[in-house]
Structures are given as structure tokens and as C-alpha cells.
Amino acid sequence: MKKLLVLAVLLAVSACGVKPTGVVSAGPAPTLRSPGGSGRGTDLILYFVIDGRVAPVTRPTGTAVGVSAALSILLSGPSSDEAAEGYATMLPPERGPVALSPGPPAMINVPFPLKPLPPLAVNQLVCTAFAALAAEGSYVVEGVITLSGTDTQLPSLTCQAF
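Residues numbered from 1 in each chain as written. Predicted model: local features only at pLDDT ≥ 70, side-chain atom pairs only at ≥ 80, totals over all residues. Heavy atoms only, no water.

Student: Break down the nonpolar core for me, with residues and values.
Tutor: Counting residues in hydrophobic clusters, the biggest one holds 30 residues, and the most contacted among them are Leu71, Ile108, Leu117 and Leu125. Top element by residues in this core is helix α4 (residues 119–135). It accounts for 7 residues. Beyond its immediate stretch of four places on either side in the chain, Ile108 contacts Leu71, Val98, Ala99, Leu100, Leu125, Ala129, Ile145, Thr146, Leu147 and Ser148. Core analysis: the next-biggest nonpolar cluster, separate from the first, contains 7 residues, Val49, Val54, Cys127 and Ala161 among them. (Core = buried A, V, L, I, M, F, W, Y, C linked by side-chain atoms within 4.5 Å. Buried < 20%, exposed > 50% of the residue type's maximum accessible area, 1.4 Å probe, protein only. Helix = DSSP H or I, 4+ residues; strand = E, 2+ residues; numbered from the N terminus. Contact = heavy atoms within 4.5 Å.)

So, in C-alpha cells, the structure goes:
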């Protein structure tokens, strides 16, 4: 009898009034890839704009690419195949060297003004820098990167992809 009472209480508690819901779409799942055995990945992850959002594009490189080189490649824009798939860039073409200072916080120095850039362009830079740092086995401990251009320095930023 006591077992039936415990079972009845458990059944009553487990049916606490939470109704089932359907699947809630939240965009694609975030992905990180594990760096290669040497601690450096050989696929380059760049962030371009598609359908009004920033999304990753993977380019096989065969060799490790540093953060500054990854950002320079980003400024070259999407490849013809990527553009045919609908990827675009909101960034100006490369006008000089892009540099990363380790920080804290890590800082990206770009050779163009930042004030006219839309938020998607800023996210392209920040997300690509985060991906390049992860590929070389480095991580931004503070979780933020600062951008510095020819006209201003933006406050610390996080990747806002998807």
C-alpha cells in the first residue's frame, strides 16, 4: 500500500503542468573544429554575409594560416564559388597590413576607418579573428576583441554570428 502511495505521488509530481512544445528554430548550431595534431588547423574559417547574417565559410588551405593572414584573406572577399552561393562581404578591400596585438584584450588594427562600417562588417572581422585564433591553438581568454581603425577604436566585441 505504501508503494502505491509513493508511486501515485511520483506520478502526480512528474506531471507538473509543463506542456510539450514544438521545435524552436534558432539557426544553425555553432561549430568549432579541433585544431590539427600540431595545434594548428589547416582549414581557414572566414565569416561572410549571407541572408542578412554573418556565417562561416571553410576554405581548405593545406597549411596553417595566421590571424593577420586570415584577416587579409577575408578582406579579399568571397571566392567566385562562395559568391555564386550567395556569400558577400560588407568590408572594404584590403588597403594595407592587418595586425593583431595579443592584448589583453586582443586588438585587431585595420588600415581603414571603422565608423562607416555596418555591424555585419565588424562581425566579419571579429568572428574571423576568433576562428583564426582557435585554429592556431590560441584563445581569447577575456572573450572579447578590440578593433582599431584609422579613425577610431571600437569597444571590446564578441562574435555575433548567426
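Student: Explain the environment of Gly52 to me, and be specific about the residues and the numbers.
Tutor: Within the fold, Gly52 resides in the loop between β1 (43–50) and β2 (53–60). For Gly52, a relative accessible area of 59% gives the class exposed. On a C-alpha basis, the gap between Gly52 and Leu120 in space is 8.2 Å, while along the polypeptide they are 68 residues apart.

Student: Could you give an account of the confidence of the model for the protein chain, with specific residues and numbers?
Tutor: On average, residues of the protein chain carry a pLDDT of 80, and 73% of them reach 70 or more. Across the protein chain, element-level confidence peaks in helix α3 (residues 80–84) with a mean pLDDT of 94 and bottoms out in helix α1 (residues 2–14) with 65. With pLDDT under 50 throughout, residues 29–40 is counted as low confidence; its partners more than four residues away or in other chains account for 20 contacts. (pLDDT = per-residue confidence, 0-100.)

Student: With reference to specific residues and values, describe helix α2 (residues 67–75).
Tutor: All of the buried residues along α2 are Val67, Ala70, Leu71, Ser72, Leu74 and Leu75. Contacts from the buried residues of α2 go to β1, β3 (99–101), β4 (106–109) and α4. One or two residues past the end of α2 sits Gly77, with phi positive at roughly 85°.

Student: Account for the pairing of β2, naming residues and giving values.
Tutor: Strand direction decides the pairing type here: β1 and β2, joined by 8 bridges, are antiparallel. Directly across from Tyr47, in β2, lies its bridge partner Pro56. Turn length for the β1-β2 hairpin, with the two strands adjacent in sequence and antiparallel, is 2 residues, and the turn residue Asp51 shows positive phi of about 55°. (Pairing = 2+ DSSP bridges.)

Student: Before we move on, can you summarise the pairing of β4 with the specific residues and values?
Tutor: Across 3 bridges, the pairing between β3 and β4 is antiparallel. Its bridge partner being in β4, Ser101 is matched across the sheet by Met107. With antiparallel pairing between neighbouring strands as the criterion, β3 and β4 make up a hairpin whose turn holds 4 residues, including Gly103 at a positive phi of roughly 85°. Where β4 lies against strand β5 (residues 145–148), 4 bridges are found, and the strand directions are parallel. In the sheet register, Met107 faces β5, and the bridge partner there is Thr146.

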